Every structure is written in structure tokens, then in C-alpha cells.
Amino acid sequence: MAATRSSEIGDLVQIKKQLISIIAQCKERGLVHSVKWASELAFSLAPLPLNEIAPQPELTEEDAQDLDALCLAKSYFDLKEYDRAAYFLRGCRSQKAYFLYMYSRYLSGEKKKDDETVDSLGPLEKGQVRNEALRELRVELSKKHSAGELDGFALYLYGVVLRKLDLLKEAVEIFVAATHALPLHWGSWLELCNLITNIEMLKSLSLPDCWVRDFFMAHMYTELQMIKEALQKYQSLMEAGFAKSTYIISQIAVAYHNIRDIDQALYLFNELREQDPFRIENMDTFSNLLYVRSMKPELSYLAHNLVEIDKYRVETCCVIGNYYSLRSQHEKAALYFQRALKLNPRCLGAWTLMGHEYMEMKNTSAAIQAYRHAIEVNKRDYRAWYGLGQTYEILKMPFYSLYYYRKAHQLRPNDSRMLVALGECYEKLSQQVEAKKCYWRAYSVGDVERMALLKLAKLHEQLNESDDAAQCYIIYIQDIFSCGEQLVHAEVSTALRYLGQYYFKNKLYDEASLCAQRCCDYNDAREEGKALLRQISAVREQGEPSTDLTLPCVFNPLSNNTTPVRRVSPLDLSSVTP
């Protein structure tokens, strides 16, 4: 099987050679993140024998002429002296020197912009602070592009400039051209990922037929919440020879996190930590899982460990923020998320998590601002749309809530939480038919909070649809008991009370008696249960027969486990995956 997969993706020896080549090219141009990605993949493959390692490519005449200036400028570039690096590259003619010249100017502008916005909470506001070099760079790169003089790296930079100027359609075209010109450069693929909004747009793109495309498609499926397809793709890549890749393991863990398979995601993150104990990347996602499971000791250990490795990384600040949030120290948590945003204003997770903290502190206006920033960074972030819906729901603005919940539902069509929230909004707007559809759909896709049927039953009850209400209550109770979750709370007692009265009215006295007896297990329903039992006894003493009509048995199967399980209200933001 592995041999077949390997032949599908290509010769692993050739892939290793290509990775070594692109690592060298990206290193020369200061593209550190692409170097890291390619190096992690290369490390997961078997080492090449000496005779298989390709020699360094020969220099062209232009490269030789620019060699001294390039070496000097690269030394300044590595020291983050971008203006100085650009100054010494003026007039150089080689492709490599030209890219470093333009890239240095771009990074100089970005550094100056970040310095100006470092004390601002909202650096993503339109028209607030811009990279002043962008327009000049666009004009110069556009001329070169029209003349056909840009290589794959320069096309990538041109695309980044266009994206920063919000010329998104043109940016997509340029990034596609960059992937064709240099398919091994992961940076171009990743930038393209951030601009694709839906599966139709993905299918419409003409992408090069290269093994890197498989990694791109897997990443894209994860981003578009097509988790089944993403996992299949990553499984194929592992079988093809990348089984040891920490990048793939981390991506699979993130995919399981996205579908709330928390056990599998935790297992993979722990495995990743064993293989790469000083890794910081993706640890904020790992902390989200520990937060959801309320694993305080593990989250505390992770936070302390990351502080020892690098306390000034965005991920470290997010992990510490999650730790304080779990301890209900929301002011401290918000402070650390703010610190993360000062380090990287485009950190999606920090904006969303900060919105959650502001909601806990009842600061709705700040929460709305944080969620809006998250959406500005990534319009595919369902958590931010959902958070906005919750915020406006608290503000008693159901029309606004409906809009944001719909957006969240479009991004996560099979997430029951979005559907229950939509149903509640429709109910408040007196659109009962739509509300019923949402609640039933939420139950059908797998109700994680076990609230959809209860809400549907109560809605039927309000509309005097007693048979439908009873059917929903029956399924609800059977569902709760079959999972061993006999919740000691008002919802179960509400269902039992209703069913007891329903059976009594239908002269099903045995079933009514059983429901009444169960009501006595709950403090808020005990008196009503006793009263119903007295009524049933009185009717039976009069000799009135029970009806032969059969309805499903409520308590089949029963569980002996009576451990109460906490159910979180849809309005409790702590229930949302951070």
C-alpha cells in the first residue's frame, strides 16, 4: 500500500532533492518560514547518500557581479537592518539581488508600521496606519511583471503587496502564477490559502500538478472545515512516506480539534510534544483543548514549560491567557491576549479569545470590537461570527444575532451549537416553523449539548402540539439515559413532568405512574410527582381501565450511573471552543 502511495506522489529521493534545493534558495532570500516548512518535511524523509546530494548550482554572470553586494546586504538583512540592506542592493541586476532589494524595502515598511501601532489595540482598522512603501513597490513590481521579468519569488512578493493593498482578486491571480513559476515555494501556497473563501473558488483555480499541491489541498480542506477530506489527504501523504512529519501530525491534530474530537486531538498533541518537546507552534490550539476539558494541572504545566522556552511568543501568551481564563481570572487573561496581539496584530486566535474574555467581564462593546477584528483577519473564523451572535443576543438584538449565527452556520453547517442558536433566534422572532427545523436539524447532526430536542419539545408544547412534544421528550430522556448521563437538573424533571401528565391524559396509567415515580427523584418535581401518583391511585380505585395504546417506553435502557453532568447554556461563552 505504501509503495503504491509513494508512486502516486512521486519518487521520495527526488522530493528530498527538491526540498534541499528550495531550502537553499529560500535561505538566500531570507524566507525563514518557508525554510522551516521545507526543512521539517526533509527531516521526515530518509537522508540521501553522498553521491545523491546535488552540487550547488553554477552562478550566472549577473550573480557573480552582484555576489559581494548580496553577501553584505544579506548580513544586514539578517540583523533586521532592512533600509541598509536595500541601500547596498541598488543597481544590482540578478534575480536574487532584486528580490532581496524589494523584500528589504517591504519589510522596512512593515517594521515602521508595527512600531507606530505597537501601543494600539486596533491596528487592523482600515486607513489607520499603513505600510508607506506598498504603493511604490506595487508600481515597480507591476512594470516588471508586465515585462515578464519576475521569477517565482518576486511574483510571491508582488502578491503579498497586492494583498496588503486589499487588491484581493489581482493577488489571487499573482499567487497562482507564483505557484506555477515555483511550485516548491510553500509561502505562495500559504498566501493563496488565506484568500480562498469557499470550495467553488478553490475548484476554479488552475494549480500546478506537483506533490506540494497535495499538502496545499489538505491544508485548504482543513481551513474550509472539510475535515473528512483533509484527514484522508493527510493519511495518503503519511502512507506515501511522510509518516514522521511533525507538520502533518500537527495538522491532523488541528483537524480533530476543529471537529471537536478532543480525545484524538489531545493524543496527537501529546505525541507531538514527545517528538518535538521545544515546539511552540500550535501549542495555543493544544491549550484550547486542555481548557475545554478543564485540565488545570496540564494547562499549568504547558504554560510554565512554554515560558521557559520563549515567554515572548504569541502562542505562549495565548496559553497563559487560557490558563488564567480557566481560573476565572478574566482581567489577567485579557491582558495576556492583548500582549499576544502586540506581538502579532494578525493573530486570529488571540482576537477571538479576547472577545470571549470581554464577554465574561460583561464588556460587550469591547467584545464586539475584538470579534470584528478576528473576522477582519480571517472571514472563515466561525468562532468570531458565533461570538458576535451571542453578544447581540445578550444585548437583546435578535435580528443582528440571526445574521451572525447564519454566517457561523454557513461555515459550520453540521455544528449543532450554531443550529440551536439559530433556532433560539427564530423563536424570539416568532418564526416557529424555522425554529423547529433548526432544532430538529441540530439533533440530526449530533447534538453536542443535548439541548435541541428539549427546546423542540418545549416549542411543540407552546404550540399545543402535545403528541409531537411527548415524542421529543421521550427521545430526549432515552438519549440522556442511554449515554449514562442521568442529569440531575430541571430539564429532565421538566420532561418527566410533561410525560407523566401526557400519559395520564391518554389513560396510560402504568407509564404515567413510572414517570411520576421518576419525578420524585428530583426536588423541583417531587410534589407534582406525588400528586400525580395520588391521582392515578384514585382513578384505579374507581376501576377505570388503562388504554391499550402503546407508546415507546421512556426508560429503556436505564443506567445505574447517577453522576450529574454539567450542561452549559448556549449563552455561556466558556462552552465555545476557544
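Residues numbered from 1 in each chain as written. Predicted model: local features only at pLDDT ≥ 70, side-chain atom pairs only at ≥ 80, totals over all residues. Heavy atoms only, no water.

Asker: Got a minute to help me understand the overall build of the protein in this structure?
Answerer: Helices and strands together make up the secondary structure of the protein, namely 30 helices and zero strands. Within the protein, the fraction of its 578 residues that count as buried is 52%. Taking all contacts inside the protein whose residues are at least 6 apart in sequence as the whole, residues at least 24 apart take part in 60%. Accessible surface computed for the protein: about 27,900 Å², of which carbon and sulfur atoms make up 51%. (Helix = DSSP H or I, 4+ residues; strand = E, 2+ residues; numbered from the N terminus. Buried < 20%, exposed > 50% of the residue type's maximum accessible area, 1.4 Å probe, protein only. Contact = heavy atoms within 4.5 Å. Areas by Shrake-Rupley, 256 points an atom, 1.4 Å probe, with all protein chains shown as cover.)

Asker: Where do I start with the packing of aromatic side chains in this structure?
Answerer: Here the distance between the centres and the angle between the planes together describe a pair of aromatic rings. Inspection of every chain in the model, using the stated rule, returns 29 aromatic pairs. With a centroid separation of 4.3 Å and 5° between ring planes, the pair formed by W37 and W186 is classed as stacked. Of this pair, W37 sits in helix α3 (residues 32-44) while W186 sits in helix α10 (residues 186-195); the two residues are 149 residues apart in sequence, bridging distant segments of the chain. Taking 5.2 Å as the distance between ring centres and 25° as the angle between the ring planes, the aromatic pair formed by Y392 and Y400 counts as stacked. Residue Y392 is classed as buried on the basis of its relative accessible area, which comes to 9%. Y400 gets classed as partly exposed once you look at its relative accessible area, which sits at 44%. Here the aromatic residues W37, W186, W211, F215, F242 and Y247 are joined through ring pairs into a cluster of three or more. Sitting above the plane of the Y87 ring, R90 keeps its charged end 3.9 Å from the centroid. (Phe/Tyr/Trp six-rings, centres within 6.5 Å; stacked < 30°, edge-to-face > 60°. Lys NZ or Arg CZ within 6 Å of the ring centre and 35° of its normal.)

Asker: What's the story with helix α18 (residues 314-326) in this structure? I'm lost.
Answerer: Structurally, the α-helix is built with 3.6 residues per turn, so residues lying three or four positions apart point the same way. Spanning 13 residues, α18 covers 19 Å between terminal C-alpha atoms, matching the ideal 18 Å at 1.5 Å per step. S328 lies just past α18 and shows a positive phi near 65°. (Expected span 1.5 Å × (residues − 1).)

Asker: Quick question: what am I supposed to make of helix α21 (residues 364-377) here?
Answerer: A rise of 1.5 Å per residue sets the reference length of α21, with its 14 residues, at 20 Å; its end C-alpha atoms lie 20 Å apart and thus fit the reference within 8%. Taken across its 14 residues, α21 has ten buried, putting it largely inside the fold. Looking only at α21, the buried set comprises T364, A366, A367, I368, A370, Y371, H373, A374, I375 and V377. Lining the buried residues of α21 we find α20 (348-360) and α22 (382-394).

Asker: Please explain the pattern of salt bridges as it appears in this structure.
Answerer: A side chain with one charge may pair with a side chain of the opposite charge, provided their charged atoms come close. For the coordinates displayed, the defined rule picks out 26 salt bridges. Put simply, K74 and D78 hold a salt bridge, and the shortest N to O gap is 2.7 Å. One end of the pair, K74, and the other, D78, are both in helix α4 (residues 61-78), four residues apart, so they sit about a helical turn from each other. Looking at K74, the relative accessible area reads 16%, which means it is buried. D78 gets classed as partly exposed once you look at its relative accessible area, which sits at 48%. For E281, the salt bridge is made with R279, and the minimal N-O distance between the two is 3.8 Å. Put simply, K36, D276, R279 and E281 are held in one network by salt bridges that share partners. (Salt bridge = Lys/Arg side-chain N within 4 Å of Asp/Glu carboxyl O.)

Asker: Teacher, can you tell me more about a nonpolar patch on the surface here?
Answerer: Among the surface-exposed residues, L72, Y87 and F88 lie close enough to one another that they form a single nonpolar patch of about 270 Å² accessible area. Following the sequence through the fold, L72 ends up in helix α4. L72 gets classed as partly exposed once you look at its relative accessible area, which sits at 31%. (Patch = residues over 30% accessible without salt bridge, like charges linked within 9 Å, V, L, I, M, F, W, Y side chains within 5 Å.)

Asker: Can you walk me through the nonpolar core in this structure?
Answerer: Soluble globular proteins: nonpolar side chains tend toward being buried together. Ranked by internal contacts, the top residues of the largest apolar core, which has 190 residues, are W211, F215 and F216. Apart from the residues lying within four places of it in its own chain, the contact partners of F216 are W186, W189, L192, C193, I196, L202 and L207. (Core = buried A, V, L, I, M, F, W, Y, C linked by side-chain atoms within 4.5 Å.)

Asker: Help me understand the side chain of H330 in this model?
Answerer: Along the chain, the position of H330 falls in helix α19 (residues 330-343). At a separation of 2.7 Å, a polar atom in the side chain of H330 contacts the side chain of E357. The contact partners of H330, leaving out residues within four places of it in the chain, are S325, E357, E360 and M361. (Polar contact = N/O pair within 3.5 Å; in protein donor to acceptor, adjacent residues only side chain to side chain.)

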